[in-house]
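Reading the structure
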2 protein chains.
Amino acid sequence: MTTTALGEQDAALVKGVLAHERRALAKTITLLESTRADHRERGRQVLEALLPHSGKSIRIGISGVPGVGKSTFIEALGMLLIGRGHRVAVLAIDPSSSISGGSILGDKTRMEQLSMRDEAFIRPSPSAGSLGGVADKTREAMLACEAAGFDIVIVETVGVGQSETEVAGMTDVFVLLQLPNAGDDLQAIKKGIVELADVVVFNKADIDLRATEMAVAQMQSALALLHPATQHWKVPVLKISATRGDGIDLFWQTIDGYRQSMESHGAIAARRRQQALAWMWHLIESGLHQRFNDNPGVKHALPALAQAVQAGTITPSAAARQLLNY
Amino acid sequence: MTTTALGEQDAALVKGVLAHERRALAKTITLLESTRADHRERGRQVLEALLPHSGKSIRIGISGVPGVGKSTFIEALGMLLIGRGHRVAVLAIDPSSSISGGSILGDKTRMEQLSMRDEAFIRPSPSAGSLGGVADKTREAMLACEAAGFDIVIVETVGVGQSETEVAGMTDVFVLLQLPNAGDDLQAIKKGIVELADVVVFNKADIDLRATEMAVAQMQSALALLHPATQHWKVPVLKISATRGDGIDLFWQTIDGYRQSMESHGAIAARRRQQALAWMWHLIESGLHQRFNDNPGVKHALPALAQAVQAGTITPSAAARQLLNY
C-alpha cells in the first residue's frame, strides 16, 4: 500500500504528518478514531502509508490510580525532555471515557505548561466503544505520532480493570506510579499490576519520607517474590516528588538505562514483535465474539437457551453446541 | 430428552447410575471423558437423562499448592463425613495431567482408607485436552456423581494457572488450603486466588503454632482489603492439622454454616445459575476459537500474516480483518 492509492485529501494528511505538522496529526487521529465505515477504510489506508515511518520512538506506559499525580508527573517529565531536545506525545487510555466522558486528559489544562509547547502533543482518550476498541485506537494514534516525528510517546492510563494490561501490551517500558501507603501496594499486587511493571515510582515522597521508605522496602520485598516483567531487568523502585520536580531526572536516567540495556540484546524489538502478534490475536477474538453476537440465529435462540441453562434443564455444553451451529 | 431415546447399553448405564451402582457411574464418566465422536454423542444423551436427578449435593472446591496436604485433608474429611452417613465423591482437575500423566489423584493409594469405602468414589483428573476440556469433563462427572446419590462432591485442584477459577466456577464453596508461610500467602494474593476463597484453611498448624498464628493474622488483614468472593459471607480463616485430624470437625461445621446461611437467601441456587451461564459462554468461546483455527483459509494465510505483523509491515488490525474474512 503506497500513498498513491490515497485520495487527495488523505494524501495531504499523510504528507502533513510526515512533515511533522501537528494539525495533520490531530486530523489523522480523529480519522482513525471515527466509527464511520468510510472513515475506517480511509483511516486504514492512511495508517498503512504512515506505517513505514513509525516505530522510532521509545514508548512509555504510565499507570496509577486517580490522585497519584499522573498529570503533574507527566508534565514535569515532558518539560524536562523538551528541554533536552525531545518531542513528546502524550496519549491516554481511559476505559471509563465512554461513560463519563473521560476522567483523564479530558482537560488539557491539567498539563498547562506542556500543552502550550509545540514540541508536545497531548491527546485525550478516545471515547467510543469498549476498552479493546479504545486501546486499539490509541495503539494506532501512537504509530501516527511516531510518523509525525515524536521520539517519545507516553501512554497514560488510570488503574481500572484491564487497561494496564493493554498499555503494558503496547509500550516498551511500563511504569507503575504509586502512593506511599500499604493499601495501594496490596491492591496493585493483588490485581497483578506490579507484575507488569518495569519501573515502580512512589510519588509524593516529600510528604512523609518515613512512610515512603517503608513503602519502598515493602515493594522491593514483594518484587523479589514475583517474576520480573522483563527478562534480564531488575525492577527499580524510585522515589519522586512531581510537584517539586525531585527525582524526575533520575527517573529519566533509569528509563534511558533500561532502553540501552534492552536494545543491547534486541529485547525491545522482540517485545514489539510479540506485542503486535498478541494484539492481532486480541482483535481476532473480539471479531469472533462480535460475529457470534450479531448472528440472527444466535440472537433469536439465545434468550430461551440461556434461561434453560440457568434452570438446569439443559447442560451448558448442549446449549453451547446448539448456539455454535447457527 | 428421555431415557427411551437411548440405546440398550446406555439405558442400562443410566439405570445403574440412578440405582447408585459404582460400576455404572465409573463407566458413565469414562464415556463422558471419551473424545470419540460416537461416544460424545452417546455421552451427551446419557447426561441429559441424568440431569433431572443431579444438583442435590453440596459442591466443595479445594485448592492448594503441591505439598500442602490436600490428599490427607480430603481423606480425613471424607472419613468424618462417611461416619455421619454421607456419601462422598472426590474428583480432580489437574491441568498438568495431559503432559505428566497427572500429579494429583493419579494414585488412589494416596487416600488409602477413603478409596476402600463403598460410600466414597474417587476419580482422578481426566487426562485429555486443554484445561477447559478437562474442567468441562469434571463438571459433567460431578453431575453424574450427584445422580448416583453422592450428596457431597469434592473437586480438588492443584494451584496451577487458571484451574482455581475453573473449580470455583463449578462449586458452591471454594476452600483455599494454605501452608503457614508468608511467601505462600503473597503468591495466592497475587494470583487472585484468595479473592476466590470462601474459606481459608492453614494446614500443618501443629508444626509451628506461632508461625500459623502470624499467617492467620496476615491473611485476615489481607482479606479485609479484598472484596469477599461471596456476598453476605465473611471469609473465615481456620487452622487444622490434617495428619492429626485436628480442626476437621470445625471445618465441616463452617461449611455447613456456610451452606445454611447461603441457602436461607437462595444464594446457592443463584450461584449455580450464574455458574452454568458463565460455563456456556466459556464453551462458546472455545468453540469459536477452534472453528477459527480449523478454517482452511486461516490455516493457509496465518503464517505469512503473523510474520508480516511481527515485521511491522502490516498492522495487527489489518491482519486480523483479513483473517476474519475467511
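What counts, and where the lines are drawn
- Residues numbered from 1 in each chain as written.
- Chains lettered and ligands numbered in written order.
- Predicted model: local features only at pLDDT ≥ 70, side-chain atom pairs only at ≥ 80, totals over all residues.
- Heavy atoms only, no water.
- Axes fitted to C-alpha atoms, helices over the stretch in contact; angles between N-to-C directions.
- Helix = DSSP H or I, 4+ residues; strand = E, 2+ residues; numbered from the N terminus.
- Parallel < 35°, antiparallel > 145°, perpendicular 65-115°, else oblique.
- Left-handed = near helix turned anticlockwise from the far one by under 90°.
- Contact = heavy atoms within 4.5 Å.
- Buried < 20%, exposed > 50% of the residue type's maximum accessible area, 1.4 Å probe, protein only.
- Pairing = 2+ DSSP bridges.
- Expected span 1.5 Å × (residues − 1).
- Polar contact = N/O pair within 3.5 Å; in protein donor to acceptor, adjacent residues only side chain to side chain.
- Nonpolar A, V, L, I, M, F, W, Y, C, P; charged D, E, K, R; others polar.
- Salt bridge = Lys/Arg side-chain N within 4 Å of Asp/Glu carboxyl O.
- Least-squares fit on C-alpha atoms with pLDDT ≥ 70 in both.
- Core = buried A, V, L, I, M, F, W, Y, C linked by side-chain atoms within 4.5 Å.
- Phe/Tyr/Trp six-rings, centres within 6.5 Å; stacked < 30°, edge-to-face > 60°.
- Lys NZ or Arg CZ within 6 Å of the ring centre and 35° of its normal.

**So, the packing of helix H14 (residues 316-324) of chain A against helix H12 (residues 267-294) of chain B**
- Where H14 of chain A meets H12 of chain B, the axes come as close as 8 Å, and the angle between the chain directions of the two elements is 40 degrees. What the angle tells us is that H14 of chain A and H12 of chain B run oblique. In this structure, H14 of chain A meets H12 of chain B at a crossing whose hand is right-handed. Where H14 of chain A approaches H12 of chain B, its residues Pro-316, Ser-317, Ala-319, Ala-320, Leu-323 and Leu-324 of chain A are matched on the opposing element by Ala-276, Trp-279, Met-280, Leu-283, Ile-284, Gly-287, Leu-288 and Arg-291 of chain B.

**Details of the environment of Lys-299 of chain B**
Residue and element names in this part refer to chain B.
- Here Lys-299 is to be found in helix H13 (residues 296-311).
- Along the sequence, Lys-299 and Leu-323 sit 24 residues apart, while their C-alpha atoms lie 9.4 Å from each other.
- Beyond its immediate stretch of four places on either side in the chain, Lys-299 contacts Asn-293 and Asp-294.

**Thoughts on the pairing of strand S5 (residues 173-178) of chain B**
All names here are of chain B.
- Counting buried positions over the 6 residues of S5 gives 6, a clear majority of the element.
- Along S5, one buried face is formed by Val-173, Val-175 and Leu-177 and the opposite face, lined by Phe-174, Leu-176 and Gln-178, is buried too.
- Judged from the 4 bridges that link them, S5 and strand S6 (residues 199-202) form a sheet pairing that is parallel. Bridging across to S6, Gln-178 finds its partner in Phe-202.

**Looking at helix H10 (residues 209-225) of chain B**
- With 17 residues, H10 of chain B ought to run about 24 Å at 1.5 Å a step, and its terminal C-alpha atoms sit 25 Å apart, in line with that.
- Of the residues that open H10 of chain B, the one with a side-chain oxygen 3.2 Å from the backbone nitrogen of Arg-210 of chain B is Asp-208 of chain B.

**Description of the packing of helix H1 (residues 8-18) of chain A against helix H2 (residues 22-33) of chain A**
Residues and elements named next belong to chain A.
- Running from N to C, H1 and H2 cross one another at 125 degrees; their axes reach a closest spacing of 8 Å. Looking at the two axes, H1 sits oblique to H2. Seen along the crossing, H1 lies across H2 with a hand that is left-handed. In contact with Asp-10, Leu-13, Gly-16 and Val-17 of H1, H2 contributes Ala-24, Leu-25, Lys-27, Thr-28 and Leu-31.
- Across the contact of H1 with H2, the residue classes break down as 5 nonpolar, 2 polar and 2 charged.

**A look at the sheet that holds S6 of chain B**
Residues and elements named next belong to chain B.
- Across the sheet, which stays open at both edges, the 7 strands sit in the order S3-S2-S4-S1-S5-S6-S7 with parallel pairing between neighbours. The open sheet terminates on both sides in strands that have one partner only, identified here as strand S3 (120-122) and strand S7 (237-239). Averaged over all adjacent pairs, the angle separating strand axes in this sheet is 20 degrees, with direction ignored.
- Across the sheet, helix H4 (residues 70-83) is in contact with strand S1 (58-64), strand S2 (88-93), S3, strand S4 (152-158) and S5; its angle to S4 comes to roughly 175 degrees.
- Together, S5, S6 and S7 form the strand contacts of H10, whose direction differs from that of S7 by roughly 170 degrees.

**Regarding the sheet that holds strand S7 (residues 237-239) of chain A**
Residue and element names in this part refer to chain A.
- Judged by pairing direction, the sheet is parallel, and its 7 strands sit side by side in the order S3-S2-S4-S1-S5-S6-S7 without closing on themselves. Each edge of the open sheet is held by one strand with a lone partner, namely strand S3 (120-122) and S7. Recorded for the sheet is a direction-independent mean angle of 20 degrees between the axes of neighbouring strands.
- In terms of strand pairing, strand S6 (residues 199-202) meets S7 through 3 bridges, oriented parallel. Considered in S7, the bridge of Val-200 is made with Val-237.
- Along the sheet, helix H4 (residues 70-83) contacts strand S1 (58-64), strand S2 (88-93), S3, strand S4 (152-158) and strand S5 (173-178); its crossing angle with S4, the most-contacted strand, is approximately 175 degrees.

**Overview of the interface of chain B and chain A**
- With 48 residues of chain B at the interface, the matching set in chain A holds 48 residues.
- The interface formed by chain B and chain A holds 0 salt bridges in total.
- The interface formed by chain B and chain A holds 6 residue pairs in polar contact (both at pLDDT 80 or more) in total.
- Secondary structure elements with two or more residues in the side of chain B that touches chain A: helix H3 (37-50), helix H7 (131-147), helix H9 (182-190), H10, H12, H13 and helix H14 (316-324) of chain B.
- The leading source of residues in the side of chain B that touches chain A is H12 of chain B, at 15 residues.
- The residue inventory of the side of chain B that touches chain A, partitioned by class, reads 27 nonpolar, 10 polar and 11 charged.

**Overview of the relation of the copies chain B and chain A**
- If you rotate chain B by 180 degrees and push it 0.0 Å along the axis, it lands on chain A with an RMSD of 0.1 Å. The symmetry that links the two subunits is that of a two-fold axis.
- Both copies share a contact surface, since 100% of the interface residues of chain B are interface residues in chain A too.

**A short note on the nonpolar core**
- Counting residues in each nonpolar core, the largest one holds 140 residues, and the members touching the most others are Cys-145 and Leu-323 of chain A together with Cys-145 and Leu-323 of chain B.
- Beyond its immediate chain neighbours, meaning those up to four positions away, Cys-145 of chain A contacts Leu-25, Ile-29, Ala-89, Leu-91, Phe-121, Phe-150 and Val-153 of chain A.

**Regarding unusual backbone geometry**
- Positive phi outside glycine occurs at His-20 of chain A, with the angle close to 65 degrees.
- Note on placement: His-20 of chain A falls in the loop between H1 and H2.

**Focus: the packing of aromatic side chains**
- Per the counting criterion, the structure on display carries 8 aromatic pairs over all chains.
- Arranged with centres 5.0 Å apart and planes meeting at 75 degrees, the rings of Phe-73 of chain A and Phe-251 of chain A form a pair that is edge-to-face. A residue pair is termed long-range when its members are at least 10 positions apart, and Phe-73 of chain A in helix H4 and Phe-251 of chain A in helix H11 (residues 248-264) qualify at 178 residues.
- When its relative accessible area of 0% is taken as the criterion, Phe-251 of chain A is described as buried.
- Plain terms: the ring middles of Trp-233 of chain A and Tyr-258 of chain A are 4.9 Å apart, the flat faces sit at 85 degrees to each other, and that makes the pair edge-to-face. One end of the pair, Trp-233 of chain A, is in the loop between helix H10 (209-225) and S7; the other, Tyr-258 of chain A, is in helix H11, and 25 residues separate them in sequence.
- For Trp-233 of chain A, a relative accessible area of 15% corresponds to the buried category.
- Tyr-258 of chain A sits in the buried class, given a relative accessible area of 0%.
- If you follow Arg-87 of chain B out to its NZ or CZ, it ends over the ring of Phe-150 of chain B, 4.2 Å from the centre.

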